[in-house]
Every structure is written in structure tokens, then in C-alpha cells.
Amino acid sequence: LYPEVSLRIVTPQRLDDVDTPGVDAFIAYGDGEWPRHAVELISAVDFMPVCSPILLNQLGGLGEPVDMFRAVLLHLDGLGDWLNWFAAAGVVGPRIDQGVIFSDMNLVLAAAISGQGIAIGDNFVCRHLLDMGRLVRPFDFAVRSARAYYFVTEHERSGNPAIQAFAGWLKSRVAQTTPVMHR
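A short tour of the structure in this document, coming up. (Residues numbered from 1 in each chain as written. Predicted model: local features only at pLDDT ≥ 70, side-chain atom pairs only at ≥ 80, totals over all residues. Heavy atoms only, no water.)

**Overview of the overall build of the protein**
Argument step 1. Across its full length, the protein carries 5 helices and 6 strands.
Argument step 2. For the protein, the α and β elements follow one another from N to C terminus as β-β-α-β-α-β-α-β-α-β-α.
Argument step 3. In terms of principal-axis extent, the alpha carbons of the protein reach across some 55 × 30 × 25 Å.
Argument step 4. Here the protein holds 183 residues, and 39% of them are scored as buried.
Argument step 5. Pairs at least 24 residues apart make up 76% of the contacts formed inside the protein by residues separated by at least 6 positions.
Argument step 6. In the protein, 14 positive and 20 negative side-chain charges are present, and the distance between their average locations comes to 5 Å. (Helix = DSSP H or I, 4+ residues; strand = E, 2+ residues; numbered from the N terminus. Buried < 20%, exposed > 50% of the residue type's maximum accessible area, 1.4 Å probe, protein only. Contact = heavy atoms within 4.5 Å. Lys, Arg positive; Asp, Glu negative; His and termini not counted. Charge placed at Lys NZ, Arg CZ, Asp CG, Glu CD.)

**Thoughts on the pattern of salt bridges**
Argument step 1. For the coordinates displayed, the defined rule picks out 6 salt bridges.
Argument step 2. The closest approach of N and O atoms between Asp 24 and Arg 157, which form a salt bridge, is 2.9 Å. Of this pair, Asp 24 sits in the segment before strand E1 (25-30) while Arg 157 sits in the loop between strand E6 (143-154) and helix H5 (161-175), and the two are 133 residues apart along the sequence.
Argument step 3. Judged by its relative accessible area of 41%, Asp 24 is partly exposed.
Argument step 4. Given the relative accessible area of 26%, Arg 157 is considered partly exposed.
Argument step 5. The partner of Asp 46 in a salt bridge is Arg 144, with the nearest N and O atoms 2.5 Å apart. Of this pair, Asp 46 sits in strand E2 (residues 37-50) while Arg 144 sits in strand E6, placing them 98 residues apart in sequence.
Argument step 6. The class for Asp 46 is buried, based on a relative accessible area of 1%.
Argument step 7. Linked by salt bridges that have partners in common, Asp 24, Glu 154 and Arg 157 make up one network. (Salt bridge = Lys/Arg side-chain N within 4 Å of Asp/Glu carboxyl O.)

**Considering unusual backbone geometry**
Argument step 1. Even without glycine at this site, Asp 77 takes up a positive phi of about 60 degrees.
Argument step 2. With respect to the helices, strands and loops of the structure, Asp 77 is situated in the loop between strand E3 (73-76) and helix H2 (80-88).

**Looking at the environment of Leu 107**
Argument step 1. Structurally, the position occupied by Leu 107 is in helix H3 (residues 105-113).
Argument step 2. Assessed through its relative accessible area of 46%, Leu 107 is described here as partly exposed.
Argument step 3. The spatial distance from the C-alpha of Leu 107 to the C-alpha of Val 66 is 24 Å, given a sequence separation of 41 residues.

**Considerations on the pairing of strand E5 (residues 118-122)**
On a regular strand, each side chain points to the face opposite its neighbour's, so the side chains alternate between the two faces of the sheet.
Argument step 1. Where burial is concerned, most of E5 is hidden: 5 out of the 5 residues are buried.
Argument step 2. Here E5 shows two buried faces, one formed by Ile 118, Ile 120 and Asp 122 and the other by Ala 119 and Gly 121.
Argument step 3. Inspection of the sheet shows E2 paired to E5 by 4 bridges, in the antiparallel sense. When the sheet's bridge partners are listed, Val 50 is paired in E5 with Ala 119.
Argument step 4. One ladder, built from 2 bridges, connects E3 with E5; its direction is parallel. Note on E5: the bridge partner recorded for Leu 74 is Ala 119. (Pairing = 2+ DSSP bridges.)

**Looking at H2**
In an α-helix, one turn spans 3.6 residues; hence positions three or four apart end up facing the same way.
Argument step 1. The complete set of buried residues in H2 reads Trp 82, Trp 85 and Phe 86. Along the long axis of H2, the arc covered by the buried residues comes to 95 degrees, so they all point the same way.
Argument step 2. Taken together, the buried residues of H2 touch E2, E3, E5 and E6.
Argument step 3. One or two residues past the end of H2 sits Gly 90, with phi positive at roughly 75 degrees. (Arc of directions from axis to C-beta.)

This is the structure:
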């Protein structure tokens, strides 16, 4: 619809970084508190375990959440997401710290897709992989994150027609996906 608009995609080191010079808008993951910016919610985030269907089959299925300790747990930057999910599921286990810690979500998902273990994924990043069947959810239980994905711009740029058009397009695309319900 806007052939005169060129997109350049930049990935900052941190998902909550909204201060990169020369960038007009950000899709940021955080608490929504960026005081010098206009902030619009894109999507709430529900965390849930995900794994390859092949791994789930090799494990003979998982009857209850504690059964996930039979597999390698895949972590992003630490144990926090798994600790939160297990606590919400009422699971106390001695081996939550087992597994592999990655510094990049793409590596976590690649390991999960290839059957190397079970990861904590979310309804925003994993939706397409779940829809394609490359990942499955061994349990329906999901935990709502305190953080979410936001469209963030500096206040003085928020009225720019190209930025508004991109924000509208992005929100319409996200709205077309069915969100994962949390419990």
C-alpha cells in the first residue's frame, strides 16, 4: 500500500532497547514503561513449554508437568521462565536447573525443533511454529508474563503517517492470529 516507504529492520541487543539512534519505531518486549515514547500494546505474552512432536513421541508423551524432568530443559538467559512456569503449575523439582542455557531465543527454538529438549516458548514468537506442527505444546497450561510486546516510538514521531500505517498493519496481522489462552 505504501511503495514509497522503505523498511530497514534492526535487531538491538536487548528486547527492551528503544533508544537506538536513527530508528523510527520499535517492537519492544518489556513492562510498557518508556516515558519519552508513545507506547501501544501489540500482544500480551503467555509462556508455555514447547517441544518437537518427535521428542514428545520418543518420551512416550508426558502425563503431568513433573514428567518434563525426563527431558533436557532448554533455557534462555537463565532459569527464570522455567521457574515461573513450574511454580504456577505447582511443580517443585530438584532438577529445574538442569539443561542447556542459550543466549539467543533463535538457538533455543532451533534446539527444541531438532528434538534436543523442551523449551519455554510464547504465543507470540512460537505461534507460527505451533501452527505448522514443528513445535507442540505437551500441556495446555500457560502462564501470563508480566511483560508484553509493544509498538514504541518517540512522541514527536508517533504522528508520522508511515509509522502509523506500519503500526496499523502490524496490529492487524497480530489480530489475525488466535492467541493462546492462559490459565
